[in-house]
Amino acid sequence: MPKDGTSNDQWLVELNEQQRRAVTHGDGPLLVIAGAGTGKTKTLACRVAHLIASGVPAERILLLTFTRRAAAEMINRARHITDRPDAASVWGGTFHAIANRILRIYHSAVGLPNDFTIMDQSDAADLMNVLRTDLGLGKGDRRFPRKETLIKIYSRTIAAQEGLRDVVKRFYPWCDDDTDAIAELFEAFVERKRKHGLLDYDDLLLFWNVLAHVSAAADVVADRFDHILVDEYQDTNALQCAILQHLCERNKNLCVVGDDAQSIYSFRAATVRNILDFPKQYANTTVVKLEQNYRSRKPILNASNAVMAEARERYTKELWSNLEGDQKPLLIHCVDEQGQCNEVCSRILKHLEEGIPLMKQAVLFRTGHHSDMLEVELAKRNIPFHKFGGLKFIESSHIKDVLALLRVLENPRDEISWFRILLMLNGIGSAIARNIVDALLAEDEGTERTVTDEMETESVRFSIAIKRLAENPPSVPAGAREGFEKLRDLLLTCSGIGQNTAENSSETSMNIPPISQQIELIREFYEPLLERRFDNAAMRTRDLEQLEHIATSYRSRRSFISDLTLDPPASTSDLAGPPFLEEDYLILSTIHSAKGCEWDVVHILHCADGMIPSDMAVGDDEGIEEERRLLYVAMTRAKDHLYAYFPLRYYHRPNSSTDAHSYAQLSRFISRDILPTFEQHTIETPQVQDDPVKTKASIESVDNYLKTLWRN
DNA sequence: GGCATGTGTATTTTT
DNA sequence: TACACATGCC
């Protein structure tokens with residue numbers, strides 16, 4: 001094993017000059033402006049490798065990325081480059097995942113229990129809703145913001161570190177009259193979370209930040225890392241910026257990488273100011289720009305640059321490419337959405353025949369449901385696919401139900417999960433559920449949490465709520481008794497108490513079944529309920545099997561739940577069969593989830609005004625600009641072939657037989673001036689399948705069908 | 001009073 | 001599709 005530096009040469013040679021400057025930069029703040037496809041991942045991976053090779057202990061390097069997958073990939077690459085297994089101990093992950101990891105260690109310094117559970121955004125919204133009802137808001141004819149809106153306001157206030165009043169005025173002006181009530185609600189929200197040991201996404205960052213400057217752990221935390229690297233810095237918010245500032249108070253070894261032209265997360269309070277003002281914030285910043293694109297052929301880059309050239313602000317760089325190509329991106333005019341589906345499918349199959357596997361092709365779109373019709377079409381044609389973004393596995397109600405059971409086992413003070421579970425049972429509605437929850441949690445709430453770390457072992461950690469369930473369960477109405485008994489058995493078994501009575505519970509309490517077995521038990525309990533509650537039980541059952549499968553790789557229930565909330569798996573509800581059995585599959589993805597990825601062939605759906613830009617975002621200039629960047633991100637994912645589809649006609653009710661429709665306009669971002677950077681195709685009539693019954697039963701499609709008869 | 005059930009409606013993007 | 005809201009049933 002060569003010592004410092006000597007083995008560097010081999011990989012350094014493969015870098016271009018700018019990349020090499022970024023990789024070998026020594027101490028002090030470093031800003032890397034990295035355009036799309038300029039080898040950003042490679043540069044970061046090499047920098048990590050370089051640091052390790054120059055003697056920085058791997059566990060003192062922190063790599064913050066946008067997804068866990070990105071961190072894992074870079075660390076893996078660094079390990080290969082250096083050929084040092086210890087590279088695996090680099091701290092890598094999202095801000096939230098790292099916050100979780102840190103807080104599991106230093107929780108007591110900020111007064112958190114160690115068994116805290118993490119709520120995702122919809123859990124937080126549910127809690128918000130409970131409190132909203134408790135406080136009597138939303139009663140009468142006053143229209144009070146919906147729970148989703150409330151959690152967004154809350155989240156933005158914290159992430160942007162601005163006052164509630166300002167946030168509401170600026171982003172939610174229609175809620176301005178309710179600000180006082182909202183403030184009151186938020187106070188209750190925070191109080192309730194603390195009482196029940198719940199942290200939401202914002203709390204994770206908030207406490208990490210607090211940890212760094214008010215607590216006794218501050219020194220330890222600030223000293224923990226010698227080098228910090230941050231990917232996708234343009235999509236960080238004020239709170240994350242503050243955390244970083246605290247983390248590198250000792251040394252200024254902070255390297256941030258990003259692209260202001262790809263900032264697409266302002267709805268999460270991300271601000272481009274972070275990256276633009278970085279040199280001002282950190283004196284003596286070294287700035288490196290990566291402008292050579294290694295991904296896209298010239299005509300694709302041309303069109304992408306043309307789209308960005310019309311942006312209101314001027315971006316700091318211009319990308320160039322050496323990759324020749326004579327094919328401009330294709331702009332394809334389709335009759336309607338079905339026409340778009342047909343066209344996409346046939347082009348995908350054509351490329352497949354040419355030898356480009358499905359995995360190297362992607363279909364991108366603005367919102368999750370933009371691919372609905374295509375998914376049906378792909379299923380019909382037996383083209384397997386994976387969908388990223390949109391409605392996630394974890395958000396479907398059957399998964400949430402199972403998760404609620406696990407959560408209650410992990411943190412019996414989790415009121416929201418108790419509610420969710422109880423409401424599933426026959427004969428129990430909100431009133432009875434309320435009584436049961438009150439009965440179970442009553443003593444717990446009054447009890448001070450004086451338990452120390454050492455005492456919080458598995459055996460004592462399940463709290464009074466579970467004990468009460470074992471010793472003197474709350475009474476329930478006769479109609480609900482049977483279901484409640486089954487629930488009780490389940491929870492006690494999973495807690496390791498079994499069906500025995502309380503006297504020997506302390507002895508058997510260590511007898512907690514492994515996590516996958518717990519899920520199996522839960523599944524047995526839940527399946528009858530599932531069949532009663534949903535129509536498509538079969539598919540949902542398969543999801544549960546999948547969940548059980550994921551669980552087998554976890555040792556503790558706690559890390560399983562945390563990971564599932566912080567790094568949820570992509571959707572599995574594919575129509576085209578069990579995805580993990582297919583060797584080749586097409587990628588469907590929202591543009592947001594496509595960030596950082598690249599494919600040989602990229603198809604962008606719905607390039608119509610109202611889709612990109614989304615109707616929801618055209619309210620103000622900043623919103624529109626972000627949509628433009630979104631299209632830019634989508635286009636720059638393509639290496640060799642880029643297709644943009646524009647369906648002319650949108651049916652108001654796609655699944656009915658009525659013909660009501662309206663005409664769409666081409667996306668405003670593909671303006672007259674930049675049209676020449678595309679080649680245009682028009683698909684005249686919808687392709688009629690061998691089975692004409694599949695086509696829309698409208699007069700028009702009948703007529704079109706007849707036309708094909710006359711012609712053939 | 002409280003639960004189950006039916007109808008209508010509004011739907012971005014994600015940790 | 002999931003939720004809010006209204007109505008009908010015990």
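These figures come from a predicted structure and were not determined experimentally. (Residues numbered from 1 in each chain as written. Chains lettered and ligands numbered in written order. Predicted model: local features only at pLDDT ≥ 70, side-chain atom pairs only at ≥ 80, totals over all residues.)

1. Focus: the overall build of chain A
What chain A contains, in helices and strands, is 29 helices and 18 strands. Taken over 712 residues, chain A has a buried fraction of 43%. (Helix = DSSP H or I, 4+ residues; strand = E, 2+ residues; numbered from the N terminus. Buried ≥ 20, exposed ≤ 12 C-beta atoms within 10 Å, placed from the backbone.)

2. As for the nonpolar core
Core analysis: the largest hydrophobic core is formed by 90 residues, its most contacted members being Val32, Val48, Leu63 and Trp208. Beyond its immediate stretch of four places on either side in the chain, Trp208 contacts Ala99, Ile102, Leu103 and Ile243. Val363, Ile587, Val633 and Ala644 belong to the second largest nonpolar core, which has 56 residues in total. (Core = buried A, V, L, I, M, F, W, Y, C linked by C-beta atoms within 7 Å. Contact = placed C-beta atoms within 7 Å.)

3. Describing the protein's contact with DNA strand C
Lining the immediate environment of DNA strand C, one finds Asn129, Lys147, Ser396 and Ser397. A per-class count over the surface near DNA strand C returns no nonpolar, three polar and one charged. (Near = placed C-beta within 6 Å. Nonpolar A, V, L, I, M, F, W, Y, C, P; charged D, E, K, R; others polar.)

4. Comments concerning the protein's contact with DNA strand B
In the region of DNA strand B, 25 residues are neighbours, and Thr367, Gly368, Gly389, Gly429 and Ala431 sit closest. When residues of the surface near DNA strand B are assigned to their parent elements, the largest contribution, three residues, is made by helix α20 (residues 430–446).

5. Some details on the environment of Lys467
Mapping Lys467 onto the fold places it in helix α22 (residues 464–471). Given 21 C-beta atoms within 10 Å, Lys467 falls into the buried group.

6. Overview of the packing of helix α18 (residues 397–410) against helix α25 (residues 515–533)
Interaxial distance between α18 and α25 falls to 10 Å at its minimum, and their mutual angle equals 135 degrees. The angle between α18 and α25 places the two elements in the oblique class. Where α18 crosses over α25, the two elements pack in a sense that is right-handed. Across from His398, Asp401, Val402 and Leu405 in α18, the residues of α25 making contact are Ile519, Ile522, Tyr526 and Leu530. Here the contact of α18 with α25 is composed, by residue class, of six nonpolar, one polar and one charged. (Axes fitted to C-alpha atoms, helices over the stretch in contact; angles between N-to-C directions. Parallel < 35°, antiparallel > 145°, perpendicular 65-115°, else oblique. Left-handed = near helix turned anticlockwise from the far one by under 90°.)

7. Looking at the packing of helix α7 (residues 147–160) against helix α8 (residues 164–171)
One can describe the packing of α7 onto α8 by two numbers: an axis separation of 9 Å at closest approach and a directional angle of 120 degrees. Taken together, the axes of α7 and α8 lie oblique to each other. Note on packing geometry: the crossing formed by α7 with α8 is right-handed. Contacts between α7 and α8 involve Ile153, Arg156, Thr157 and Ala160 on the former and, on the latter, Leu164, Val167, Val168 and Phe171. For the contact of α7 with α8, the per-class residue count stands at six nonpolar, one polar and one charged.

8. Digging into the environment of Phe278
Relative to the elements of secondary structure, Phe278 occurs in helix α14 (residues 278–281). Along the primary structure Phe278 and Arg194 are separated by 84 residues, whereas in three dimensions their C-alpha atoms are 34 Å apart. Beyond its immediate chain neighbours, meaning those up to four positions away, Phe278 contacts Leu31, Val256 and Thr285.

9. Remarks on the sheet that holds strand β6 (residues 227–230)
Strand order across the open sheet formed by six strands is β3-β2-β6-β7-β1-β8, with parallel pairing between neighbours. Both edges of this open sheet fall to β3 (91–93) and β8 (286–290), since each of them pairs with a single strand only. Ignoring which end each strand starts from, the neighbouring axes of this sheet average 10 degrees apart. As paired strands, strand β2 (residues 61–64) and β3 are joined by three bridges and run parallel to one another. Within β3, the residue paired with Leu62 across the bridge is Trp91. In the packing of helix α2 (residues 17–24) onto the sheet, contacts are made with β1 (30–34) and β8, and the angle to β8 comes to roughly 145 degrees. Lying on the sheet, helix α4 (residues 68–82) is in contact with β2 and β3; it crosses β3 at an angle near 140 degrees. (Pairing = 2+ DSSP bridges.)

10. Overview of the confidence of the model for chain A
On average, chain A scores 83 in pLDDT, and the residues at 70 or more come to 85%. Confidence drops under pLDDT 50 across residues 500–509; counting only partners more than four residues distant or on other chains, this segment forms 12 contacts. (pLDDT = per-residue confidence, 0-100.)

11. Thoughts on the pairing of β6
Burial of β6 is two-sided: the residues His227 and Leu229 facing one way and the residues Ile228 and Val230 facing the other way are all buried. Relative to β6, β2 is paired through four bridges, and the arrangement is parallel. Note on β6: the bridge partner recorded for Leu63 is Leu229. As paired elements, β6 and strand β7 (residues 254–258) share three bridges and run parallel to each other. By the bridge assignment, Leu229 is partnered in β7 with Cys255. Each parallel crossover has a hand, and for β6 linked through helix α12 (residues 238–247) to β7 it is right-handed. (Right-handed = clockwise from strand over helix to strand, strands pointing away.)

12. Describing helix α28 (residues 621–635)
Helix length check: α28, at 15 residues, gives a terminal C-alpha distance of 21 Å against a target of 21 Å (1.5 Å per residue), a fit within 8%. All of the buried residues along α28 are Glu626, Glu627, Arg628, Arg629, Leu630, Leu631, Tyr632, Val633, Ala634 and Met635. Buried-residue contacts for α28 involve α15 (298–309), β12 (361–365), β15 (599–604) and β16 (638–651). (Expected span 1.5 Å × (residues − 1).)

13. A word on helix α26 (residues 537–551)
Because the α-helix completes a turn every 3.6 residues, residues three or four places apart line up on one side. Between the first and last C-alpha of α26 there are 21 Å, a value that for 15 residues agrees with the 21 Å anticipated at 1.5 Å per step. Considered for burial, the residues of α26 that qualify are Arg540, Leu544, Leu547 and Ala551. The buried side chains of α26 occupy one side of the element, clustering within an arc of 55 degrees when seen end-on. In this structure, α26 carries Ala538 and His549 as exposed residues pointing more than 90 degrees from its buried face. In this structure, the buried side of α26 is in contact with α18, α25 and α27 (557–566). (Arc of directions from axis to C-beta.)

14. Focus on unusual backbone geometry
A cis amide bond links Ile612 with the next residue in sequence, Pro613, at an omega value of 0 degrees. Mapping Pro613 onto the fold places it in the loop between β15 and α28. Of note in this structure, Asn284 is not a glycine but carries a positive phi near 60 degrees. With respect to the helices and strands, the residue Asn284 is situated in the loop between α14 and β8. One non-glycine residue with positive phi stands out, namely Asn382, at about 65 degrees. Its location among the elements puts Asn382 in the loop between α17 (372–380) and β13 (385–388).

15. Looking at the environment of Asn274
Tracing the sequence through the fold places Asn274 in helix α13 (residues 273–276). Judged by the 23 C-beta atoms lying within 10 Å of it, Asn274 falls in the buried class. Put simply, Asn274 and Ala238 are 36 residues apart on the chain and 7.4 Å apart in space, counted from C-alpha to C-alpha.

16. A few points about the pairing of strand β11 (residues 330–336)
Of all seven residues in β11, five are buried, a share of seventy percent or more. By the bridge criterion, six bridges tie β11 to β16 in an arrangement that is parallel. Within β16, the residue paired with Asp336 across the bridge is Arg649. Judged from the four bridges that link them, β11 and strand β18 (residues 679–682) form a sheet pairing that is parallel. Among the inter-strand pairings, His333 is bridged to a residue of β18, identified as Thr682.

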